[in-house]
Structure formats: C-alpha cells, structure tokens
Protein chains: 2
Amino acid sequence: MQLPVRSRLLLLLLLRASGLRAGERSSSAMEEIATEKEAEESHRQDSVSLLTFILLLTLTILTIWLFKHRRVRFLHETGLAMIYGLIVGVILRYGSPSSSGHDKPFSCSQEDRPFTTLLVNVSGKFFEYTLKGEISPGKIHNVEQNDMLRKVTFDPEVFFNILLPPIIFHAGYSLKKRHFFRNLGSILAYAFLGTAVSCFIIGNLMYGVVKLMKLVGQLSDKFYYTDCLLFGAVISATDPVTVLAIFNELHADVDLYALLFGESVLNDAVAIVLSSSIVAYQPTGENTHAFDAAAFFKSVGVFLGIFSGSFMMGAVTGVVTALISFLFTKLHCFPLLETALFFLMSWSTFLLAEACGFTGVVAVLFCGITQAHYTYNNLSVESRSRTKQLFEVLHFLAENFIFSYMGLALFTFQKHIFSPIFIIGAFIAIFLGRAAHIYPLSFFLNLGRRHKISWNFQHMMMFSGLRGAMAFALAIRDTATYSHQMMFSTTLLIVFFTVWIIGGGTTPMLSWLNIRVGDHAPSVEEINESRWLYFRVGVDPDQDPPPSNDSFQVLQGDGPDSERGNRTKQESAWLFRLWYSFDHNYLKPILTHSGPPLTTTLPSCCGLLARCLTTPQVYDNQEQLREEDSDFILNDGDLTLTYGDTTITANGSSGSRTATTSLDGRKTKSSSEEALEHDLGMGDNEVTSRGTRLVFPLEDNA
Amino acid sequence: MQLPVRSRLLLLLLLRASGLRAGERSSSAMEEIATEKEAEESHRQDSVSLLTFILLLTLTILTIWLFKHRRVRFLHETGLAMIYGLIVGVILRYGSPSSSGHDKPFSCSQEDRPFTTLLVNVSGKFFEYTLKGEISPGKIHNVEQNDMLRKVTFDPEVFFNILLPPIIFHAGYSLKKRHFFRNLGSILAYAFLGTAVSCFIIGNLMYGVVKLMKLVGQLSDKFYYTDCLLFGAVISATDPVTVLAIFNELHADVDLYALLFGESVLNDAVAIVLSSSIVAYQPTGENTHAFDAAAFFKSVGVFLGIFSGSFMMGAVTGVVTALISFLFTKLHCFPLLETALFFLMSWSTFLLAEACGFTGVVAVLFCGITQAHYTYNNLSVESRSRTKQLFEVLHFLAENFIFSYMGLALFTFQKHIFSPIFIIGAFIAIFLGRAAHIYPLSFFLNLGRRHKISWNFQHMMMFSGLRGAMAFALAIRDTATYSHQMMFSTTLLIVFFTVWIIGGGTTPMLSWLNIRVGDHAPSVEEINESRWLYFRVGVDPDQDPPPSNDSFQVLQGDGPDSERGNRTKQESAWLFRLWYSFDHNYLKPILTHSGPPLTTTLPSCCGLLARCLTTPQVYDNQEQLREEDSDFILNDGDLTLTYGDTTITANGSSGSRTATTSLDGRKTKSSSEEALEHDLGMGDNEVTSRGTRLVFPLEDNA
C-alpha cells in the first residue's frame, strides 16, 4: 500500500515548507505584516537547518583530513559523517524545545479523493494550496510536534533526484578500468544473478521472521510478502565504498578490487529496478496480496523493460555526447564550453529517462560508463581533468551529505519502528543472502574462469557486503506504512553496523585472509607529487593505481598469483571478445579519434561509407593514438610520457608516444586482436620492462 | 502591496507542482492507481520541461562555440541564449494545445486569514496541503489554462536563491585584479552614489510617466510612488557582461574594464539592498503611500543595516575560510577536500546571511572578494584551479540559464502588461538616469584623480549600461500586483534591447570613440596555448590579459595614455593607502602565508604576540613569497616563470622567483610602501623590461 499521491517532483523542496502558524487575528494591514514576518522566520529556520548540514560536512572534512594525514584506517569518512550526524541528531532531538504553540490544523471535508491543488477562499481572497501527502490520522498532532525536527527532514525524493545521480554517475565515469573489463563476465553474474538471489532469499527469510513476529504478537499492522521482497531488494544493494577506499590506499589486489567495485556499481542499478518492479506487482481481483501469475510476469516485464530502457537511454546519450565532441573538435579551445556541454548532456540523460518513464539513476550510470569509454577520448586534456574534478566534488559532497543525514535521521525521523526480532532477523538474512550468492556463484564462475576466484577472495567479498547510500535512499523513498517504517529503521541500523564494523575491520581482515597488499602505502609527499603530476599532464595516477601496481607485482612474481602475467586472450569469453572487436573496429573509430581507421576495418564493399566516416586526422594520428586507445585512464604509456620528456605539448603528447613506440621497435598493426591482447595484459611484460625503466622515479620515492 | 505570504523558501520547488486533475471517480484501489498514474504523468512533464531548458543550453553552447570560432562579435552568448529562449517560448505558447480538461478548483471558505498548512479530510484520510500564494479572483481560471506553460514557469525565488549566488560569487572571486584596486575609489563612487542617483532619477521620471498615463487613462490599477522607486532600484543594476567579454577579447583599455566591471559587480549588491529597503518602506497610519519621515529613516536604516551586515557576514566567512586553510596547510595534499571545504564555506555565507536576515547574495559577493584576496593564497596550486573552474562552470550555466529563461518568459509568462507609454518612458528614464550619474560623478571624480577619466571613457561607460540577470531576478521576484507586472514586462524588454543592441554595438562604439584596443586579437592557437599554459602551471593567462597587455602598451607609448606608466603612489587616496598598509602588514601575514612576518611589522611591544602568530614558514618563505603577494592573479613574475624554466616544482615555483629577483640585483625590503608601489604599477618599467625579455614567446606567436 502506498501513498495515493506520491508526489514525484523532479527538483523539489529540499526543506519542507511549514512553520507558519496562525497567531492573533487583527486588522488586515497588521496581519499582512505579521504573516510576512512569519514567512521570514520560516525562511530563516530553513537557512539554519541547511547551515547545520553544511557545518556538519565542514567538520567531517576537517576530521577526514586529520584521519588521512595520520593514516587512520579504522574509520572511513562516511562512518565519520554518520557519527557527526548522530551527535547533531541527538542535540536536535533532545536539545531543542518541542514547540507547543501550534494551532489545530484546519480541517475541511471533501468528497471522494484529494485534489492536488486547492483554492481556498479566505475572506474574499483566494489562496492556492498544493498537496503534500497523506497523513495517518494518529499522526496529525505528531507531525507538528517539533518545528526544528521537521525542518531538517528532507523530502525523500531529494535523495533520488538530486543526491544519487552525481554519486552514480561518478561511479560509472570512473569504471573505466582495465581490470573491470577483464572480469566483466563475473561482475555481471554477481550483479544480476547475485542481487536477484540475495533479494529472493532475504525476502523469504524475512517473511519467515514476520510470520514469527505475528505468532509472538509483535506485529501490530499488516506486513505482506511483497513488503518482504521489497526489503530484500532494498537491502541487496551493496556499497563497499569504505572497503574500496582502503583497498586503494593499501594497493590491494586489483582483481578483487574490480570485482567488488563493479559488482557494487551494477547491483545498485539492479536493486533500483528490482524494487520498482516489486512495487509494480499489483495483482488484480479481491485478494491483492496473493500470488498472481499475470502480475508476476508483468513485474518481470517491468524489470526487463525499465532496465533495458534505462540502459539504452544512458548509452544513447553517451554516444550522442561522444559524437558531438567528435564532430566539434574545435571545442578543445574552450574547455569551459566542453565541460558545460558534458555536464548538460549527462544530466539530460537523467531527465530523458525520467520523462520516458525509465529510471534516471540507472540511465545515468550507463551514461557515465559510455562517456568514459568514448567521450573521454575526444575531450581536451583540460576538459578531462575538469569533468573528472567536477563530478568528483559533486560525488564527494553528495555522499557525505547522505551519510551525515543518515546519522541525523536516526534521531530526527519521527516514525521509527524498531522491532528487535525483525532487526536480528534482518542481520541474519543479509548474512545468509550474501553467502548464498557469493559462494555458489563463485563456484560456477570458477568452472569457466582460468584465473579462479580463490577462497580468500570469496571470503573477502562475503565480508565486504556493506550497505550504504542506495539502500538508504530506497528505504526512505516510501515510509508511509507500518511495514515500510519498520524496514526503514532496520535499514538504517544495518547501514550503521556494516559501515562502522566492516569498514573498521577491513585492514585486519585483509591481513587475516592473506590478501596481497602493495609493498608500501604512499607517503604524503608521494601523494602530493602524484597530484602534481596529474595536474601537469592530465594523467591521474590516483585514478587507477591497481593496474600500474599490478604490473610491478607481476614482475616481482610474489607467490601463486604471478602466473597472472601470462593471462591470455583465451581467458575472456567469446561474447566479450565479439563485443570488443566490434567496439574497437567500428564504434571507437566512428565515435572517437582513436582506433584504426574505418577504411581498414570495414569490408571493402563499404569503402565509400568508411571514407566518409573517417576524418583525415584519424589517418594522421593512427600510429600515435593507437596505443592511447585506453580502457584504462592511466596506461603505462602515460607514465612513460610523464617522465620521459620535459617538453610536453598541448595535444596529448603524441610526439613522445611515437618516440616510445619506435624505441621498442615494434611495428604497429591495426588488428583488433593485437589491441585486445595489449589491453588485456598480454603486453604486460613488455610494458612493464618499459615501465620499470622509466616509471622508476615514482616508485622509488617511498 | 504585496502577497500576504511571500513564501521565501531557501531551496525550493524549481518547477511548480501542479498537473493533477480530478478525473472520474471510482473504487478505492482503481482510484489509487489512477492517482499514481497522474502523479507520474506530472513528474514526466516536469522532466520534459527541464529537458527543454537543457537542450536550449546545449544548443546555445554549440552556437557560442561556432561564434567564438568564427570571431562573431555582434552577438554575445547571453543574447543568443535569449533568442533561443524566445523561439522555444513561441513554440510552447502557440504550439502546445491549451489543456481544457481541468475541473473547477475546490473552494473552501475559511475565516480570517490563510494557514500555511491545511489538513483536508477526504473520506476519512487526511491530506496535507501547503500554501502556494494568493491568486487574484479574476485569474483563477487563467492559472490553470495551459499545463505546459505552467510547467516551464519557475518559482521566482529560484533565481535569487539558486541561480544568482554562483554568478555573484564568481564575479567577486574574479575581482582580484590590480586595476580594480587602483580604481577602487571611483568604482565605489559609481556603484553607491551612482546607483542611488540613478534609482532616484528613474523613480521620479517614472512617477511622471505614471501620472501622464493616469491622465490619458492608460492606467487601470494603482501605481504608487514607492512602486516607481522600486522600479528605479530594480533597473539600476547594470550587467555589462557582453561589453566586458568583448573588452577581454579585444584587449581594450584596462582601466575602463576595471571601472565597468567593478561598478557592475558592486551595483548589483547596492540594487538588491536598495530594493529591499524600498519594500521595507511602510508608513504607518491611514494613508499608507504618503511620505512619512519615520518610515523613510527606517528605510535608510534598513539599507545601511542590511548592507553592512551582509558585508560583514561575507567578509567574516571569507576570513574564517582563510584561517582554516592557513592553519590546515596539510590539506594541500588533498585538493578534493580543500575544494569541497572552500565550496561549503562559501555556501554557508549565503545561508548564514539569510539566517540572520541579511541578503545572502550580497554576502556571497563580499565573501568571494575576501576568498580571492586571502584564501586563494593559501590554497594548493591544484585547488586554485579547481575552485576557479568549479565556479566558472556554475556561473556559466546559471547565467545562460537565466538569459534563456528570459527569452522564454516573454511568451510563457501569463501576466504580462505591456504599456507603450510606460515602456517608452522607461527607456528614456534609464538613459537619463545613467547620464545623470556617469557625467556628473566623473566630473567630480576627475577633480581628485590624477589620471582623469576621459570623455571617451565616460561615453563608453554611458553606453555600457546594459541590464541583465540581476534586473530580471529583482523584477520577477514579485509579480503579484498590476504595477509589478507592468514593471516586469518593461524590465524584460529593456534587458532584450540593451543586450542585443548595445552588445552588438560595442565593437563599432569602441572604434568610434577611439578607445585603445590591443594590437591583435588572439588566434585560436594562441588561446589553445594559453589554456595549456594555465593547465600546466595553474596560472590563468585569460584571467587578466589587460594588465599584461598594459605593460606592453606602456612600453610602446602609443599616444596620450603613455604617461600612465609614470603613475605613482600619490595617485591613490589616503584611505586606500591606509587600508593597504594595514592589510599588507597585519591581515595578510595573519591570514595567508604571504606578506612580511608579523615580527617585523608589529611594534616591538607586541613581540610575543607576533611570534605566536607567525608560522616558521613565513620566515623561510618571506623572500620568495613577497613578490607573490598578488593583488592580481597573473602577475608578470608568473609569466616569467612560465617560460623561464622547464622544471616546475609543485609549490608555486618559488625557486625560479628567487632567481629572477636576484637577477635584478634589487634588494627586497619588507616595507609596505615598496610593495604598494610594486603592486600599483611603479614597478611597471622594471617588470616590463623583464617581461619583454622572457615573455617574448607568448607575444610573438601572433
């Protein structure tokens, strides 16, 4: 059961309007002034509450800095944001006096169903009112209880429409990692099958718990099977941001990193769409909560429809942006225009998807991936760093905001229902749900994988099942009914527990499981230097430390993993290979200035078409740019470049690249096979030998 | 007269909620589904309308690029955005069918005055409604006329609370120009006195026009003297963004640039506060629109209070940010944290000012100036570019959004009142108002200025009185009454006219007035190169081309202006000199890592205090950083640096700076006098001789 009118506004009221209460009644002019004053007072309170959040974030940032500076790893910034949020929540809850001077709400009986817009005639003047939502009769007085608590309560749709998109886009935009594509098959399996399995298992377990509660008499309102499944979908979205931050810092195993990161990014999308389709499950007939085959298949159809629609939407906008940046190459001279265009096109994906009835957040994810894969190659050096920095800041602010809001919500949200049985059941269920998808799936995946996912990796993946921003946003989206309120409170506790306990336990767990960790953690000077490097040439050494680290690891041959350097193309699935060669031979040449010219890849019958689609500069740049055709932002060639020369030219250092290539005396062929081998690590040895010679200064600074 | 409840929400409904109409009434379940569908439909329409704006902006960006690429100067990007807005407005207005299927609004009589929150009992369920505003009875049906037109109509407060702050902050943050401080006295005079004079003259002239209209019988409702004054305040904010863009491109005279830019930035602030205080003018007693001395002085008090309060608020937050960045120097290692902190602190200024009842936009302006003056010096090289780029993008998007909305509003705003007499009167009034403040003020200023403002400059300033975003935002803020609607329509036309005609006429006007223009416009390659330079060392050559250009002009001695090189410290007023030495000797050392150590500037009795406040690195860096103490982002030393060495170190290239200084054989003293001389251009000759030797490559590329 849902709110009859779930006002799904796009960009909406960050802070709920309220606060005006009827005071004494006097003459018209005086009254106007009084109302003005009250409106101003309300505006002031809004400002104060937003200010609270900003000061919270400021405090968080300063403490994060302290932690980073001192290398504290037991508490991540998101955990910290939650703690500060909790503290402020306690202060607001128990510190601020509950305003008692509110008048009784004006009641006005209407016939059948609510209008969205009301016109109210007040002594001859007409006032317009808009519908906010339904309020359960018992809560009427509760709602007005504490002004300040209401002020800091955001409209749930804010999370979905304002805060999640930058987080998700950033995740997609930084997915451009070589190891992600290496493990694509496994990642897709974990994300799709895994999330579905987890959702189903958690849903069923929770239904058992609910039955138990009913038996014990702990359940005071309805709790349907669909609610349990919805809880399963909500809580299945993992968010191992804490774990990944530590992985990144410790230079932990890159494949594990890719598996975890890829899974968490994609299962967010799966969880959203899953929960939408569970909500869409509405059997017809009398018993609206029994199983209905038609409704079930409709739900499955909704899932497939929304997912593929959002995927298409995102991919198409990404491709359009890539085409624009491909055609308007002279935009390079105006990075501001380029960046603005990139930002607008990415945002329009969200709106387009929402306008078509798909899920904007999912579309934004795939748009981010497409942008990173194609558009990024067409951008000027400055725009690359600008776009990344812009989305990095937005992502950082949004994420920390959500986590501090979570802390706050534990005390300021006024409809919490904490049920011990439900909470304990939920913890057990998410544990079992994660176990039930990680271990069996890994077993099946290992049948097909040449490089097996080891037991230690599986344990680590099992351990890293944190819940974060997405679970919270899904849970808070609808807290109208008893069951949803209980789900929300439980989700909040699960997020707290996992972020604090698992986040803090990552480093011990890594060493306990003997998972390979880089030789050294970077010193402050090194970080400083790498930042500077990034700034100088637009190459971000932080972006993808695992791969470069990997090459060294391979060379050093530390134990059982050293055969990874010999990994060959046979390892990747035929489907991926098919896609790769299509992408490399046709899409990249059409959409970016990299890749082989179409004239060499298209069959000869399409010669004319190929010539039309190939810009002259592709021929010119072919030799130079082929190696730059990167599935990873920091490829070894870039590092070489950074140190290899002192004169860096504006257009991407093609000169030095050529020099390096000729140095190796390797003739560049334009077959996609070779490029694939190179991208997938076949070229690791050769690249590494180059790397160690030239990259040496970076690694030697420790 | 105003809306009884002007809902001044902070971050509010970008798109008005509406769209739900009561359809057929059926059973409860079906009804819920139907309502859900309608809500989704409404959400979809919101997305479509936002999408419209994004596509508009995208189109604008692509056309801007084309124009910039082809060096089209007769139409600026803002003018272009308006044209696209107009086109889309026409399509929406005449293309979309006016939805007729709306039901009659539900009326519900209430006693005395409106509540903000209504609870409506609909067949047992309670629904919450919030107040939107008053609607004049005649408009009740008009309002619901066209759904799409309503959708693209934004809440006026969006402009004030979301779109203006980034624009104004960016203006303040880029005010850090040497020529601005040189002309500070004149700029303040134009901004404060000029705006007040202009407001008063326009107000009185318009009152005459209104009297005339009443005589002719063209006035159908009340139009008070205060309304006329408000119009004067609204329309007095100049926004010569078009002119300045062309100045920048043509390397036009730097002093004129500084005068125009400084005036327009500060008079925005003055205009906001002026209009607030005119609104606050509410005489007591029977005749509420007669002159009342008490109310008048109250208004003056409000003006002074709000202005100084906002100023203090902005300055204090800026100083606090500077202190944080000064104390937490290790933040340099984490530019993301630094940038986020900077962003949050700047935003908190806005909220703090609003929370205290001051004007957020004005506070944000002064915060930007303070940040540029102090905090900027403490930031890491990467954060400097990050913050600038971030605010540049926000400013760009917000500005173009406002201008395209203006174009749209001409057709989609449904309460236009175009009165030919009023419009013609307004055009004459703004012309006379600008003339009446530019010429007399320049005359008086010239009495005190050593370097006079020539007649040609005065004519150019007169000509550059464009109206833009600020006038629009002030005018749309309140369109409840007849007089305000007429003012809004007229303001819109004035903005269109001035941006198109004056923007297009700038280049001819410059040559007609014989105003010195740089030797050459930069070629695309040059722009490209300078961008690249910027990216490499964090020095933005675009930021302040006039000064560097100026030095060359001076050396070339082209005509009557060549004596400007001899400009000495006597030229600046004593008040400014006092402030400068205080700032240089005390504030800069306390707040930044530049300037002389406090131990040398404080009297010996405060020795202990001085030692406490001075960080060790100030002693170390003193020699190197003294020249970096920049009132201008691009000083000549930076240019030297750019070409002077190939090894660029991370922390601001202090090494090469020292080398240059010793090259000149000039002993660095720590007196503020010398620093002032240097900053104010006394050092021009010496700097230029250095400049020509080393900066040569940049200028020779043409």
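Residues numbered from 1 in each chain as written. Chains lettered and ligands numbered in written order. Predicted model: local features only at pLDDT ≥ 70, side-chain atom pairs only at ≥ 80, totals over all residues. Heavy atoms only, no water.

- Looking at an unreviewed UniProt entry, one finds chain A named Sodium/hydrogen exchanger, with Terrapene triunguis as its source organism.
- In UniProt, chain A has this text filed under Sequence similarities (unreviewed entry): "Belongs to the monovalent cation:proton antiporter 1 (CPA1) transporter (TC 2.A.36) family." (UniProt positions renumbered as here; feature names shortened; annotations may be inferred.)

**What to know about the packing of aromatic side chains**
Now for step 1: Under the criterion given, the structure shown has 60 aromatic pairs over all chains.
Now for step 2: When the ring of Tyr173 of chain A is compared with that of Tyr376 of chain A, the centres are 6.0 Å apart and the planes differ by 70 degrees; the resulting orientation is edge-to-face. Of this pair, Tyr173 of chain A sits in helix H5 (residues 156-173) while Tyr376 of chain A sits in helix H13 (residues 360-378), placing them 203 residues apart in sequence. Each of the two residues, Tyr173 of chain A as well as Tyr376 of chain A, counts as buried.
Now for step 3: Every member of this aromatic cluster is reached through a ring pair, and the members are Phe53, Phe159, Phe401, Tyr405, Phe413, Phe472 and Phe488 of chain A.
Now for step 4: Cation over ring: Arg477 of chain B sits above Phe160 of chain B, and NZ or CZ is 3.7 Å from the ring centre. (Phe/Tyr/Trp six-rings, centres within 6.5 Å; stacked < 30°, edge-to-face > 60°. Helix = DSSP H or I, 4+ residues; strand = E, 2+ residues; numbered from the N terminus. Buried < 20%, exposed > 50% of the residue type's maximum accessible area, 1.4 Å probe, protein only. Lys NZ or Arg CZ within 6 Å of the ring centre and 35° of its normal.)

**Regarding the nonpolar core**
Now for step 1: Counting 304 residues, the largest nonpolar core has Phe422 and Met460 of chain A together with Phe422 and Met460 of chain B as the members making the most contacts within it.
Now for step 2: If we ignore the near neighbours within four places in the chain, the residues touching Phe422 of chain B are Met206, Val209, Val210, Met213, Phe223, Phe231, Met486, Met487 and Thr490 of chain B. (Core = buried A, V, L, I, M, F, W, Y, C linked by side-chain atoms within 4.5 Å. Contact = heavy atoms within 4.5 Å.)

**Notes on the pattern of salt bridges**
Now for step 1: Scanning all chains against the criterion turns up six salt bridges over all chains.
Now for step 2: Residues Glu382 of chain A and Arg386 of chain A are paired through a salt bridge, measuring 3.0 Å at the closest nitrogen-oxygen approach. Pair noted here: Glu382 of chain A and Arg386 of chain A are both in helix H14 (residues 381-412), with a separation of four residues, about one helical turn. Take Glu382 of chain A and Arg386 of chain A: they sit in the same class, and that class is buried.
Now for step 3: Measuring nitrogen to oxygen at the nearest pair gives 3.4 Å for the salt bridge that ties Arg386 of chain A to Glu392 of chain B. Taken as a pair, Arg386 of chain A in helix H14 and Glu392 of chain B in helix H14 (residues 381-412) lie in two separate chains rather than in one.
Now for step 4: It is possible to trace a salt-bridge network through shared partners that takes in Glu382 and Arg386 of chain A together with Glu392 of chain B. (Salt bridge = Lys/Arg side-chain N within 4 Å of Asp/Glu carboxyl O.)

**Things to note about the side chain of Thr339 of chain A**
Now for step 1: Tracing the backbone through its elements, the reader meets Thr339 of chain A in helix H12 (residues 335-355).
Now for step 2: Those residues in contact with Thr339 of chain A that lie beyond four places of it in its chain are Ser383, Arg386, Thr387 and Leu390 of chain A together with Val393 of chain B.

**Topic: the packing of helix H10 (residues 254-280) of chain B against helix H13 (residues 360-378) of chain B**
All names here are of chain B.
Now for step 1: In contact at an axis separation of 9 Å, H10 and H13 are set at 155 degrees when each is read in the N-to-C sense. Relative to H13, the element H10 lies roughly antiparallel. Considering only the axes of H10 and H13, their crossing is left-handed. The residues of H13 that touch H10, namely those facing Val265, Leu266, Ala269, Ile272 and Val273, are Val361, Val362, Leu365 and Phe366. (Axes fitted to C-alpha atoms, helices over the stretch in contact; angles between N-to-C directions. Parallel < 35°, antiparallel > 145°, perpendicular 65-115°, else oblique. Left-handed = near helix turned anticlockwise from the far one by under 90°.)

**Notes on the state of the cysteines**
Residues and elements named next belong to chain B.
Now for step 1: One pass over the full model with this rule turns up zero disulfides over all chains.
Now for step 2: Sulfur of Cys228: no disulfide; nearest cysteine sulfur belongs to Cys199 and is 11 Å away.
Now for step 3: A residue is classified by how much of its surface remains accessible, and Cys228, at 1% relative accessible area, is buried.
Now for step 4: Cysteine Cys367 remains unbridged, with the sulfur of Cys356 as its closest cysteine sulfur at 14 Å.
Now for step 5: Since its relative accessible area comes to 0%, Cys367 is described here as buried. (Disulfide = S-S within 2.5 Å.)

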